[in-house]
Amino acid sequence: MKPAEHGDDHNNTSELVLTRPMLRVGWMSDVGQVRELNEDALIALTLDFEQGAEQQSVGLFVVADGMGGYAHGEHASTGAARSVAQQLLRQLIAPAIAGEANRAPLHELMSGAVVSAHEQLTRDVPGAGTTLTVALVLGDSLAIAHVGDSRAYRWRDGELQQLTRDHSLVARLVEMGQQSAEESEYDPRRNVLYRALGQGEALEVDFLFQEFSVGDRLLLCSDGLWGQVDTHDLARVLRDGDDPFAVCEELIDLANNAGGPDNITAVVVIRH
């Protein structure tokens, strides 16, 4: 599926405006059928608070898939996910709850948190790396910062859209027209990343800002899920399930039934 466009105009993201999204959230991570250690990490956090006469909500969700050999990948993914969540709670969510105006645009805060986690990972776990996809649900809006090949999908009105762009060698070849999407599914280099936290010095972070309306469903997942379950089944399970935990469980079962060669992680957010 065609990923969302990554535009440069972030003027509409400079302020965090909270309304009341009714969020139902589920999450699950599984080691799979082959690996001995789960190097994926996830965070799923929703906050409800009173602001004036209204109850407000915000959701923060992170999926990371670590690389770097035994234990190193686990430390990379867990450390990066925690670092980003802590920074966004301190710099973005806590001030919003206190009613303080944001001093920096949203894309700068989110991208800066990812870059800071990258720098910390490079210092603390040299040689390791991780993907990272972080999503903020802000009222009827969805903001995503992304590096690597973990993915964010949005299901809406019967259509599943891949929001993020894979930073893998094979995905780049497809984008350049040097390989077809069908050929890419069987390319042994499909898991080779050209962009990840902990790898290289400078890091470029993709940022996108999307509408997240009533009835929309968000899926964050590692490649252990999307690499084994086709988009038709992803869309079907998201469409038919009302319990986000049950949706995660069914998706992970599908990946394991397909061989489960990698760790499998899913976070599902349903807006009512």
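Keep in mind it's a predicted model, so treat the numbers as computed, not measured.

Definitions and limits used
- Residues numbered from 1 in each chain as written.
- Predicted model: local features only at pLDDT ≥ 70, side-chain atom pairs only at ≥ 80, totals over all residues.
- Heavy atoms only, no water.
- Axes fitted to C-alpha atoms, helices over the stretch in contact; angles between N-to-C directions.
- Helix = DSSP H or I, 4+ residues; strand = E, 2+ residues; numbered from the N terminus.
- Parallel < 35°, antiparallel > 145°, perpendicular 65-115°, else oblique.
- Left-handed = near helix turned anticlockwise from the far one by under 90°.
- Contact = heavy atoms within 4.5 Å.
- Nonpolar A, V, L, I, M, F, W, Y, C, P; charged D, E, K, R; others polar.
- pLDDT = per-residue confidence, 0-100.
- Phe/Tyr/Trp six-rings, centres within 6.5 Å; stacked < 30°, edge-to-face > 60°.
- Lys NZ or Arg CZ within 6 Å of the ring centre and 35° of its normal.
- Buried < 20%, exposed > 50% of the residue type's maximum accessible area, 1.4 Å probe, protein only.
- Pairing = 2+ DSSP bridges.
- Expected span 1.5 Å × (residues − 1).

*Asks:* Describe the packing of helix H6 (residues 231–240) against helix H7 (residues 244–257), naming the residues involved and giving the relevant values.
*Replies:* In the contact formed by H6 and H7, the axes pass within 9 Å of each other and the chain directions differ by 155°. With respect to H7, the axis of H6 lies roughly antiparallel. The handedness of the crossing between H6 and H7 is right-handed. The residues of H7 that touch H6, namely those facing Asp233, Leu234, Arg236, Val237 and Leu238, are Val247, Glu250, Leu251 and Leu254. Residue classes in the contact of H6 with H7 are distributed as six nonpolar, no polar and three charged.

*Asks:* I'd like a description of the confidence of the model for the protein, backed by residues and values.
*Replies:* The predicted coordinates of low-pLDDT regions are not to be read in fine detail. Per-residue confidence for the protein averages 86 on the pLDDT scale, and 81% of its residues sit at or above 70. Considering only residues more than four positions removed or in separate chains, one finds that residues 1–14, a stretch of pLDDT under 50, has 32 contacts.

*Asks:* Residue-level account of unusual backbone geometry, with values.
*Replies:* A positive phi is found at Asp157, a non-glycine position, where the angle reads about 50°. Following the sequence through the fold, Asp157 ends up in the loop between strand S7 (151–156) and strand S8 (159–162).

*Asks:* Hey, could you go over the packing of helix H1 (residues 72–97) against helix H2 (residues 106–124) for me, with residue numbers and the actual values?
*Replies:* Helix packing for two helices is described by the angle between their axes and how far apart those axes are. Between H1 and H2, the least distance of the axes is 9 Å, while the angle of their chain directions is 145°. You can see that H1 and H2 cross each other, and the crossing is right-handed. Contact residues: H1 offers Ala76, Ala80, Ser83, Val84, Gln87, Leu88, Gln91 and Leu92, while H2 offers Leu106, Leu109, Met110, Gly112, Ala113, Val114, Ser116, Ala117, Gln120 and Leu121. In the contact of H1 with H2, the residues fall into 12 nonpolar, six polar and no charged.

*Asks:* I'd like a rundown of the packing of aromatic side chains, residues and numbers included.
*Replies:* Summed over all chains, the structure comprises one aromatic pair. One cation-aromatic arrangement involves Arg151 over Trp226; the distance from NZ or CZ to the ring centre is 3.4 Å.

*Asks:* How would you summarise the pairing of strand S6 (residues 141–147) if you had to cite specific residues and measurements?
*Replies:* Within S6, seven of the seven residues are buried, which leaves it mostly tucked inside the rest of the structure. Burial along S6 is two-sided: the face carrying Ser141, Ala143, Ala145 and Val147 and the face carrying Leu142, Ile144 and His146 are both buried. Direction of pairing for strand S5 (residues 132–138) relative to S6: antiparallel, over a ladder of seven bridges. Bridge pairing in S6 places Val137 opposite Leu142. Turn length for the S5-S6 hairpin, with the two strands adjacent in sequence and antiparallel, is two residues, and the turn residue Gly139 shows positive phi of about 60°. Pairing geometry for S6 and strand S9 (residues 206–211), over six bridges, is antiparallel. Across the sheet, residue Ala145 finds its bridge partner in S9, namely Phe207.

*Asks:* Residue-level account of H2, with values.
*Replies:* Counted at 1.5 Å a residue, the expected span for H2 with its 19 residues is 27 Å, and the 27 Å between its end C-alpha atoms agrees. Listed in full, the buried residues belonging to H2 are Leu106, Leu109, Met110, Ser111, Ala113, Val114, Ala117, His118 and Leu121. Packing partners of the buried residues in H2 comprise H1, strand S4 (129–130), S5, S6 and S9.

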